[in-house]
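Residue-level structural notes
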Amino acid sequence: MSGAPPEKKRRRYGKAVCALLLATSVFALLRPAQPYAQVTELRGEISESAILDDQQRKTRQLSIAQDQTAQAGATTQSTAPTPTYQPASPGAVRDDDAAPATGSIFDPPEATNDPFADAPVPVPPRRPSSTTQGAADQDEAAETQAATATTAPTDDEDTAETDPINSRAVTIDSADRQQLDPGAERAEAIEGRDRRAEDDPFAATGIKLGSFVIRPTLEQGLTASSNADSSTEGKPALLSETALRFNAVSDWRENSAVIDGYGIFLKTISGDEVQEARGRVDGTLNVDLDNDLRAIARLGYEAAPESASSPVVIEGTVEQPVRQTIDGSLAVEKDAGKMRFALTGAVEHDIYGDAKLSTGGTLSQKDRDSTLYSAILRTGYEISPAITPFTEVEIGRRVYDLRVDSNGFERSSTRLGVRAGAELDLGEKLAGEFSAGWLREAIDDDRLPAISGATVNADLRWSPERGTTIGLTGETIVEGTTTADESGDILYSGLLTGEREIRANLIGNAALGVGWRDYVGSDGHDLILSAEAGLTWWLNRYAGLTTRARTEKQTSNIEGRDYTAHSIFVGVTLQP
């Protein structure tokens, strides 16, 4: 028959399909470059430094090519053809095969004439260590910054002309990226830094009690004295001395309060029998009122044996009688421009205890008890922030509890005084005040002359250098008496003190004192001289060793009032 059987037709059709598939496979092997590139170049790890280097290299090449194009086109700008379109991102279209290689990691491998050549897959390079890679990254970053600084435009117009259209932008902080120093030390944490050194590392930290900070100090030691009771016929003794001092300061936001106090206890261990206790407490309260007014209130209490240098001598006593003093004041101050005004009211009450006689029994001293009421008006003018001169007028009345004493004299008196001085405020260098004037107390009994004389008062603190403080205090006191036909005396006393911080834990102090007592109505007088020096060595913030030496001497033209006393103290000081 003319037609082929159906089975032969199917066989021919299958052979044709196989031949077509074989031809297609051979054709695919003739162009392996682009698929093979995905296997050989885009597989494996690529570091960020390599990518950044490739981007910067292309940017530099584009900038150089554009500069050359701009120079060539400046002369043929009118006849220049329309520029060829450039894609937004490199690699958007396939480059021509004849395009030269740029050296980028994204360049395709070179094609060979032999499609069946055995081209082995290149082995990817070994990943460098972290140290080597870090150093390489730093070098490449430095080169990138230098290249950026060289090719950076000077203004916006040049940038618009030179920047390629849709060129790849670099990171914002690439130009400001600082090169890291491999040897830089790691910064410490804030809490690990050295704290600021304390001004006084051995000062008491204090105890918080409510709204007050209390700083107590306990001093315990032994005192060897050549005159245990500071009398004319005094004898030596070894005494146990205990001193307790404290300071309390409020931490209020606006107003303030300060409390100071001390207590000293002496008891004989061997030698002349002495048992003595003395102490004082003072409190000050400062309150700010409306209309630029300030109120200052003070209150104090003192209990101590009467001094051996007292003008009133009671013969045949076992020990000195105790004298108690209660004093308080209230002052109101106001500043009006450069003018300064202050009005102070004060009360002071003295109570004398009974004297114990060596023969047995007691001697009452109630006729010596008295109360002094006084009012002081101060007016000042601030000529500079450091100096404010002032004047004071004082009016007062001294009232004895017994209108007539045991000798039949009316000893109440009227007080009048005037003073002039200056306040100093030079910060830590010099601060305080001093004044001089005249004071007179006229006694009600006409048989007794008035007590009058010049007055000198001072309270100054001077710091010539850091760690050194010099203090000067002066006071004028009118002392009454119950001796028949005598009015009393005026006592002038002054004390010069010095404190030096020899080392942070070694404090030295010294004091020189002088007193002059002038008896009214006679030529009698007393001269009192004293000197003291001491050291405190702090073992730590809470404990220290203290020693001091003191001498005191009184000379008088009145018989039976001279005495001399020397003493040395050694002990331990404790503070919390």
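Moving on, we get to the overall build of the chain. Across its full length, the chain holds 5 helices and 21 strands. Across the 576 residues in the chain, those meeting the buried criterion constitute 24%. A sequence separation of at least 24 residues applies to 55% of the contacts in the chain between residues at least 6 apart. Carbon and sulfur atoms make up 57% of the accessible area of the chain, which totals about 38,400 Å².

Looking at the chain, pLDDT values average 81 and 72% of them are 70 or higher. Taken element by element, the predicted model of the chain shows its lowest mean pLDDT in helix H5 (residues 156-162) (45) and its highest in strand E12 (residues 387-400) (97). In this model residues 35-43 is a low-confidence stretch, pLDDT under 50, and it forms 12 contacts with partners more than four residues away in sequence or in other chains.

Another aspect to go through is the pairing of strand E8 (residues 339-352). The pairing of strand E7 (residues 322-336) with E8 spans 14 bridges and is antiparallel. When the sheet's bridge partners are listed, Ala-331 is paired in E8 with Thr-344. Where E7 folds back on E8, the antiparallel hairpin that results is connected by 2 residues, among which Gly-337 adopts a positive phi of roughly 70°.

So, about the packing of aromatic side chains. On inspection of all chains with the given rule, the structure shows 1 aromatic pair. For the ring pair Phe-212 and Trp-252, a centre distance of 5.7 Å and an interplane angle of 75° mean the geometry is edge-to-face. In this pair, Phe-212 is assigned in strand E2 (residues 212-225) and Trp-252 in the loop between strand E3 (237-250) and strand E4 (256-271), connecting sequence segments 40 residues apart. Above the ring of Tyr-352, the side-chain terminus of Arg-368 is found at 4.0 Å from the ring centroid. The ring of Phe-569 has Arg-548 lying over it, and the distance from NZ or CZ to the ring centre is 4.2 Å.

The topology assignment puts Arg-541 in the loop between strand E19 (525-538) and strand E20 (543-556). The exposure class assigned to Arg-541 is buried, which follows from its relative accessible area of 17%. A polar contact is formed between the side chain of Arg-541 and the backbone oxygen of Pro-201, at a distance of 3.0 Å. Looking at Arg-541, its side chain comes within polar contact range of the main-chain oxygen of Ala-203, at 2.8 Å. In this view, Arg-541 contacts Glu-198, Asp-200, Pro-201, Phe-202, Ala-203, Thr-205 and Gln-575; residues no more than four positions away in its chain are not counted.

Let us now look at a nonpolar patch on the surface. Where nonpolar side chains cluster on the molecular surface, the patch consists of Leu-218, Leu-244, Trp-537, Leu-539, Leu-545, Val-572 and Leu-574 and spans about 590 Å² of accessible area. Note on Leu-574: relative accessible area 39%, which makes it partly exposed.

This next bit is on empty space enclosed by the protein. Under the criterion given, the structure shown has 1 cavity of 30 Å³ or more. Roughly 80 Å³ of volume is contained in the largest cavity. In terms of lining residues, the largest cavity is bounded by Arg-398, Tyr-400, Arg-411, Ser-413, Glu-441, Ile-443, Ile-451, Gly-480, Thr-481 and Ser-487. Mapped onto the lining of the largest cavity, the elements with two or more residues apiece are E12 and strand E14 (430-443).

A separate point is the nonpolar core. Where a protein is soluble and globular, its nonpolar side chains tend to be buried together. Of all hydrophobic cores here, the largest spans 5 residues; its members are Leu-439, Ile-451, Val-478, Ile-490 and Val-520. Aside from chain neighbours lying at most four places away, what touches Val-478 is Arg-398, Arg-415, Leu-439, Glu-441, Ile-451 and Asp-489.

What follows covers the environment of Lys-208. Relative to the helices and strands, Lys-208 is located in strand E1 (residues 207-209). Separated by 41 residues in sequence, Lys-208 and Val-249 have C-alpha atoms that sit 9.9 Å apart. Among all residues touching Lys-208, those that are not within four sequence positions of it are Val-213 and Asp-251.

Assignment of secondary structure puts Asp-526 in strand E19. Among the polar contacts made by the side chain of Asp-526, one reaches the side chain of Arg-561 at a distance of 2.9 Å. What Asp-526 contacts, discounting residues up to four positions off in sequence, is Gly-515, Trp-516, Arg-517, Tyr-519, Gln-554, Thr-555, Ser-556 and Arg-561.

A few words now on unusual backbone geometry. Excluding glycine, residues mostly carry a negative phi; peptide bonds, for their part, are mostly trans. Within the chain, Ser-230 stands out as a residue other than glycine whose phi angle is a positive 50°. Tracing the backbone shows Ser-230 in the loop between E2 and E3. For Ser-230, a relative accessible area of 22% gives the class partly exposed. In this model, Asp-485 sits at a positive phi of 65°, which is unusual for a non-glycine residue. Here Asp-485 is to be found in the loop between strand E16 (468-480) and strand E17 (488-503).

Before going further, it helps to examine the pattern of salt bridges. One pass over the full model with this rule turns up 33 salt bridges. With a closest N to O distance of 2.6 Å, Glu-441 and Arg-415 form a salt bridge. With Glu-441 in strand E14 and Arg-415 in strand E13 (residues 413-425), this pair connects stretches of sequence that are 26 residues apart.

This part is about the environment of Leu-238. Of note, Leu-238 is situated in strand E3. Residues Leu-238 and Ser-226, 12 residues apart in the sequence, show an inter-C-alpha distance of 9.0 Å. In this structure, Leu-238 is in contact with Leu-222, Thr-223, Ala-224, Lys-267, Thr-268, Ile-269 and Ser-270, ignoring residues within four places of it in sequence.

Below, the discussion takes up the pairing of E13. In this sheet, E13 lies alongside E12 in antiparallel orientation, the contact comprising 12 bridges. Directly across from Arg-397, in E13, lies its bridge partner Thr-414. With 13 bridges joining them, E13 and E14 adopt antiparallel strand pairing. Looking at the pairing, Gly-417 lines up with Leu-439 of E14. What sits between the antiparallel neighbours E13 and E14 is a turn of 4 residues, in which Gly-427 has the positive phi angle 70°.

Rules used in this analysis
- Residues numbered from 1 in each chain as written.
- Predicted model: local features only at pLDDT ≥ 70, side-chain atom pairs only at ≥ 80, totals over all residues.
- Heavy atoms only, no water.
- Helix = DSSP H or I, 4+ residues; strand = E, 2+ residues; numbered from the N terminus.
- Buried < 20%, exposed > 50% of the residue type's maximum accessible area, 1.4 Å probe, protein only.
- Contact = heavy atoms within 4.5 Å.
- Areas by Shrake-Rupley, 256 points an atom, 1.4 Å probe, with all protein chains shown as cover.
- pLDDT = per-residue confidence, 0-100.
- Pairing = 2+ DSSP bridges.
- Phe/Tyr/Trp six-rings, centres within 6.5 Å; stacked < 30°, edge-to-face > 60°.
- Lys NZ or Arg CZ within 6 Å of the ring centre and 35° of its normal.
- Polar contact = N/O pair within 3.5 Å; in protein donor to acceptor, adjacent residues only side chain to side chain.
- Patch = residues over 30% accessible without salt bridge, like charges linked within 9 Å, V, L, I, M, F, W, Y side chains within 5 Å.
- Salt bridge = Lys/Arg side-chain N within 4 Å of Asp/Glu carboxyl O.
- 1 Å grid on protein atoms, 1.4 Å probe; cavity = no way out; pocket = protein on both sides within 12 Å on 5 of 7 lines; lining within 4 Å.
- Points joined across faces, edges and corners; volume = space filled by probe spheres on them.
- Core = buried A, V, L, I, M, F, W, Y, C linked by side-chain atoms within 4.5 Å.

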